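What the coordinates show
Below, each chain spelled out in residue letters.
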Amino acid sequence: MKEDSLKLKNQLCFPIYLCSKEIIRKYTPWLDELDLTYTQYIVMMYFWEKEKSTVKDIGKALLLDSSTLTPLLKKLENKGYISRIRSTTDERKLEVSITIEGKKLKEKAKHIPEKMGKCINLSEKEINDLYTLILKVLMNVERNDNNESN
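Predicted model only: the values in this text are computed from it and were never measured.

Under the definition given, this model contains zero disulfides. Not part of a disulfide, Cys13 finds its nearest cysteine sulfur in Cys19, a span of 13 Å. You can call Cys13 exposed: its relative accessible area is 52%. Cys119 takes part in no disulfide bond, and the closest cysteine sulfur, belonging to Cys19, lies 9.6 Å away.

Further remarks concern the sheet that holds strand E3 (residues 94-98). Spatially, three strands are ordered E1-E3-E2 in an open sheet, and the strand pairing comes out antiparallel. The open sheet terminates on both sides in strands that have one partner only, identified here as strand E1 (52-54) and strand E2 (82-86). Taken pair by pair, the neighbouring strands of this sheet meet at an average axis angle of 25°, ignoring direction. In this sheet, E3 lies alongside E1 in antiparallel orientation, the contact comprising three bridges. From the neighbouring strand, Ser53 faces E3, where its bridge partner is Val96. Sitting on the sheet, helix H3 (residues 55-62) touches E1 and E3, and the angle it makes with E1 is about 90°. Sitting on the sheet, helix H4 (residues 66-78) touches E2 and E3, and the angle it makes with E2 is about 120°.

Among the residues of H3, those classed as buried are Val55, Ile58 and Gly59. Buried residues of H3, seen end-on, are gathered within an arc of 95° and therefore sit on one face of the element. Along H3, the residues that are exposed and aim more than 90 degrees away from the buried face are Lys56 and Lys60. As for H3, its buried residues are in contact with helix H2 (38-50), E1, H4 and E3. Directly beyond the C-terminal end of H3, a positive phi value near 55° is found at Leu63.

Turning next to unusual backbone geometry. Its identity as a non-glycine residue notwithstanding, Asp35 has a phi of 60°, on the positive side. Positive phi, normally seen in glycine, also occurs at Asn121, with a value near 55°. Its place among the elements puts Asn121 in the loop between helix H6 (111-120) and helix H7 (124-149). Overall, Asn121 belongs to the exposed group, its relative accessible area being 63%.

Reading the values: rules and limits
- Residues numbered from 1 in each chain as written.
- Predicted model: local features only at pLDDT ≥ 70, side-chain atom pairs only at ≥ 80, totals over all residues.
- Heavy atoms only, no water.
- Disulfide = S-S within 2.5 Å.
- Buried < 20%, exposed > 50% of the residue type's maximum accessible area, 1.4 Å probe, protein only.
- Pairing = 2+ DSSP bridges.
- Helix = DSSP H or I, 4+ residues; strand = E, 2+ residues; numbered from the N terminus.
- Axes fitted to C-alpha atoms, helices over the stretch in contact; angles between N-to-C directions.
- Contact = heavy atoms within 4.5 Å.
- Arc of directions from axis to C-beta.

The following block contains the structure:
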C-alpha cells in the first residue's frame, strides 16, 4: 500500500460524500416548504413517474431497504401523499399509489430542479457527463457487491 493512499485528497469517496451532503443541504429549505425530507422527495419523484408500485419495486429502484422504506412510506401516507394497500392476490405484497394530494404536491415542487441547476452551475454536457460517470461508479459498486455475495 502506498504511504499516501489514506490521504483525503487521494480518496474519490471523500469529494463524493461532501458533494452529496452539500447538495442535500441546499435542497433542505425548498423541501422544508413542502414538509418533505430529501429521501421523501426522492420517493415522491418516483411516484410522480410511476403513480403505483409495490414496496419491493420502490426499494429496488431507489436502492432503499425495507427498514428505511417502511417508516418513510408510513409518513408519506400520514401526510396524505400516498396510500398503501395489501394486495388482494398476495397478502405479502403491499401496493403503494400516489394520491390526489401527492399529485398536487408535484406542482409545488416544479421549481426545485431549476433552482438546483442554478446552484450547481454546470453546462448541460457537464451534467450529462457527470451523471454518466456517477451511474457507472454505482453500477460497478453494485456489480462488485453481487460478485462478493456469490
